[in-house]
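Residue-level structure breakdown
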Amino acid sequence: MAWLLLLLPYLTPVLLVGYAYSSFSLSLIHYPRANEVLYDALVLLKLVPVAVLVLHLYPSPVSPEALHCHRILQVARGIPARLLSSLKFRLRASAGANCVAFALVFLFAFGEFEMASLLGTGSWTVKLFDAQAGGLLLGESLYLALLPVALEAALLGAVLGVLYRGRRSGALPGHLRAASGRGARAAVWGYLGLAAGALTVLPAFLVLRGTFEGLRVLTENFVLARDIGASVLFALGASVCAYLGAGWFAGRIVSGRRARTALLWTFLLCVPGLLGALLLSLLVLSVFQLPGLHAAYDTPVPLLGALVLLIFPFALVLRILLHSQRPGEALHLAGMLKEAPAPSSRRNARRLVWEMKSSRLFLVAFLLFCWAYFDMTASSLLSPSNMTPVLVRLYNLMHYGQMAVLSAMVCAAFLVPLVFLCIAWAMRGLLARLYLHG
């Protein structure tokens, strides 16, 4: 339940959040600072799950036994010296994880466009979009974006350097310190409820109020089936390509086989994704208008390629974190159970492997799928004429106001990732079995 409440704000589409809060943001038009605070708060609540996920996946260089030994050594020291030593020890042990978590959250927040556009904030991405819509040439737009993209590239390079240096520092997933005491646990559950309520429950209530009234009409004529199918195909193709490609590079970076060459190539492949959805889509659009590639212009190839490049940098970081978790004794012993004669022991082996390994792989793949599925900017610019993604269709319909049928359409489209999650969760035994026999 805690993981579900934590991930809900990240999995809630930006379109739903921005559309729900756009009216309130419009009332703050004369109070730009208050509008900025609203935008910052929404982005903060949405990106906390990213930081928690990184801290959860980052391999810990310090085992629980080492932490216990350190606490024993501090017993004879005074309270100030004990606190200072414990703080220094924990900072050194978790410096890599904190740096990577901070960098990923910064990259997400710095390049955010869709919510900033819907809430009317003065983000550099919004100003660049306005300039492009006003007739600015693509070359001039790329020149204007040179400084922020260089900043993002420098930060991503630093993250890859941290991951490269710490790729063999630990074999176990990160151990997050559990909240101790009733007050701390109440604060954690209070935050989870606040975040899920502000970014999921309240927007869903405001936008989907007429869902039940429109469900009858929608079931009689499910006009979104083709659009949802297009979005699912694009999201599956992009997430699978990014997941497998990032895993291939991550395996070479972590294993040490030509690691520096692989690191250089991955950095170069990450740069297009740092341009943001708008500039990357315009660049891909111009590339496929060239004489040699014009035949593929009105096909799924441009959008599929743009989505892969867009999610590749973050897929790479998450796959490096997963590859850095080298199989430990517990996972090895769980794998040995697959040879046990008793069927119950083999079932336990699959369950243990799922909890220790496969669930993390599945979580990363699911997040990449959601990101590609809920993309709106690239889908609006690059989708072929005969395959309109569902979010593009819904965004166009939202300009005509809130209607019962539209609310039902939004509900149906946004439930698709949850349906896929339930199907994949029911097949988790198969995923663990594939890992055991791999």
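Data block above holds the structure.
In short, a report on the structure. Please read these numbers as outputs of a predicted model, since none were measured by experiment.

What follows covers the overall build of the protein. Summing up its helical and strand segments, the protein has 21 helices and 0 strands in all. Across the protein, contacts joining residues at least 24 apart in sequence account for 81% of those joining residues at least 6 apart. Surface exposure of the protein reaches about 22,500 Å², of which carbon and sulfur atoms provide 69%.

In this section: the side chain of Thr12. Relative to the helices and strands, Thr12 resides in the loop between α1 (2-11) and α2 (14-27). Thr12 sits in the buried class, given a relative accessible area of 5%. A polar contact of 2.6 Å, which involves the side chain of Thr12, links it to the side chain of Thr200. Sequence-distant contacts of Thr12, defined by excluding residues within four places in its chain, comprise Val17, Lys46, Leu199 and Thr200.

Once that is clear, we can look at the packing of aromatic side chains. If you walk through the whole model with that rule in mind, you get 13 aromatic pairs. Aromatic side chains Phe113 and Phe129 sit 5.2 Å apart centroid to centroid with 50° between the ring planes, which places their arrangement in the tilted category. Within this pair, whereas Phe113 is found in the loop between α5 (79-110) and α6 (114-119), its partner Phe129 is found in helix α7 (residues 124-133), the two being separated by 16 residues in sequence. Overall, Phe113 belongs to the buried group, its relative accessible area being 14%. Pairing Phe369 with Tyr373 gives two aromatic rings, centres 5.9 Å apart and planes at 20°, and the pair type is stacked. One end of the pair, Phe369, and the other, Tyr373, are both in helix α17 (residues 343-373), 4 residues apart, so they sit about a helical turn from each other. Accessibility expressed as a relative area gives 5% for Phe369, which makes it buried. Since its relative accessible area comes to 2%, Tyr373 is described here as buried.

Turning next to empty space enclosed by the protein. For the structure on display, the rule yields 2 cavities of 30 Å³ or more. In this structure, the largest cavity spans a volume of roughly 740 Å³. Lining the largest cavity are 36 residues, with Phe108, Gly111, Glu112, Phe113 and Trp371 sitting closest to its centre. Volume-wise, the second largest cavity comes out at about 130 Å³. Lining of the second largest cavity is provided by 13 residues; of these, Tyr10, Leu53, Phe108, Leu318 and Leu367 occupy positions nearest its centre. For the lining of the second largest cavity, the leading source of residues is helix α3 (residues 32-57), giving 4 residues.

Turning next to the pattern of salt bridges. Going through the model one piece at a time under the given rule, you end up with 1 salt bridge. Between Asp227 and Arg393 there is a salt bridge whose closest N-O contact spans 2.9 Å. Here Arg393 lies in helix α19 (residues 390-398) and Asp227 lies in helix α12 (residues 225-255), a separation of 166 residues in the sequence. On the basis of relative accessible area, Asp227 is assigned to the buried category, the value being 5%.

One way to put it is that α12 packs onto α19 with a least axis distance of 7 Å and a crossing angle of 130°. Relative to α19, the element α12 is oriented oblique. Contacts between α12 and α19 involve Asp227, Ile228 and Ser231 on the former and, on the latter, Val390, Leu391 and Arg393. Partitioned by chemical class, the residues of the contact of α12 with α19 number 3 nonpolar, 1 polar and 2 charged.

What follows concerns the packing of helix α9 (residues 146-165) against helix α13 (residues 259-274). Between α9 and α13, the least distance of the axes is 10 Å, while the angle of their chain directions is 150°. As far as their axial angle goes, α13 and α9 are roughly antiparallel. Seen from above, α9 lies across α13 with right-handed handedness. Contacts between α9 and α13 pair Val149, Glu152, Ala153, Leu156, Gly157, Leu160 and Tyr164 from the former with Ala259, Arg260, Leu263, Thr266, Phe267, Cys270 and Leu274 from the latter.

A surface patch of nonpolar side chains, amounting to about 470 Å² of accessible area, comprises Leu236, Leu415, Leu418, Val419, Phe420 and Ile423. In terms of residue count, the dominant contributor to the nonpolar patch is helix α20 (residues 404-426) (5 residues). Take Val419: it is sitting in helix α20. Judged by relative accessible area, Val419 falls into the partly exposed class, the value being 46%.

Core analysis: the largest hydrophobic core is formed by 113 residues, its most contacted members being Tyr373 and Leu394. It is helix α15 (residues 301-324) that provides the largest number of residues to this core, a total of 15 residues. Sequence-distant contacts of Tyr373, defined by excluding residues within four places in its chain, comprise Ile228, Ser231, Val232, Ala235, Val390, Leu391, Ala413, Val416 and Pro417.

Note that His70 resides in helix α4 (residues 64-73). Residue His70 is classed as buried on the basis of its relative accessible area of 12%. Linking His70 and Ser85, residues 15 residues apart in sequence, is a C-alpha distance of 9.3 Å. When residues no more than four places from it in sequence are discounted, the contact partners of His70 are Ser85, Ser86 and Phe89.

As a further point, take α3. Compared with the 38 Å implied by 1.5 Å per residue over 26 residues, the 38 Å span of α3 between its first and last C-alpha is a close match. Where α3 bends most, the angle comes to about 30°, and this point is Leu47, followed within four residues by the proline Pro49.

Along the chain, the position of Asp130 falls in helix α7. The spatial distance from the C-alpha of Asp130 to the C-alpha of Ser117 is 9.7 Å, given a sequence separation of 13 residues.

What counts, and at which threshold
For every chain, the first residue of the written sequence is number 1, and numbering continues from 1 along that sequence. Since the coordinates come from a predicted model, pLDDT governs what is reported: local features require at least 70, and pairs of side-chain atoms require 80 or more to be given and counted, while whole-chain, interface and lining totals use all residues. In computing side-chain values, all of the structure's heavy atoms are included and hydrogens and water are not. Under the DSSP-based scheme used, a helix requires at least four consecutive residues in state H or I and a strand at least two consecutive residues in state E, with every element numbered from the N terminus. Two residues qualify as a contact provided that any one of their heavy atoms is within 4.5 Å of a heavy atom in the partner residue. Surface exposure here means Shrake-Rupley accessible area, sampled with a 1.4 Å probe, where a residue is shielded only by the protein chains that are shown. Three labels apply to residues, based on accessible area from a 1.4 Å probe with only protein chains included: buried if under 20% of the type maximum, exposed if over 50%, partly exposed otherwise in between. Side-chain atoms alone can form a polar contact between residues adjacent in sequence; in general such a contact is a pair of N or O atoms within 3.5 Å, and within protein one must be able to donate a hydrogen while the other accepts it. For Phe, Tyr and Trp, rings pair up if their centres lie within 6.5 Å, where Trp contributes its six-membered ring, and each pair is then called stacked (planes under 30 degrees apart), edge-to-face (over 60) or tilted (otherwise). Lining residues are those with an atom within 4 Å of a point, where the points come from a 1 Å grid over the protein atoms alone and group into cavities, where a 1.4 Å probe fits but cannot get out, or pockets, open sets with protein on both sides within 12 Å along at least five of seven lines. Grid points are joined across faces, edges and corners, and a volume is the space filled by probe spheres set on the points. By convention in these notes, a salt bridge is any Lys or Arg side-chain nitrogen within 4 Å of a carboxyl oxygen on Asp or Glu. Lines fitted to C-alpha atoms define the axes, with helix axes restricted to the stretch in contact, and inter-axis angles between N-to-C directions lie between 0 and 180 degrees. Throughout this description, any angle smaller than 35 degrees is read as roughly parallel, any larger than 145 degrees as roughly antiparallel, any in the 65 to 115 degree range as roughly perpendicular, and the remainder as oblique. Three classes are used: nonpolar for Ala, Val, Leu, Ile, Met, Phe, Trp, Tyr, Cys and Pro, charged for Asp, Glu, Lys and Arg, and polar for all others, with Gly counted as polar. When the near helix sits turned anticlockwise from the far one by under a right angle, the crossing is termed left-handed; a clockwise turn instead gives a right-handed crossing. Within the patch definition used here, like charges are joined within 9 Å and nonpolar side chains (Val, Leu, Ile, Met, Phe, Trp, Tyr) within 5 Å, considering only residues with over 30% relative accessible area and no salt bridge. Throughout this description, the term nonpolar core refers to a set of buried Ala, Val, Leu, Ile, Met, Phe, Trp, Tyr and Cys residues connected via side-chain atoms within 4.5 Å. Any helix carries an expected span of 1.5 Å times its number of residues minus one. In this analysis the local bend is the angle between axes fitted, respectively, to the seven residues ending at and the seven residues starting at the residue.

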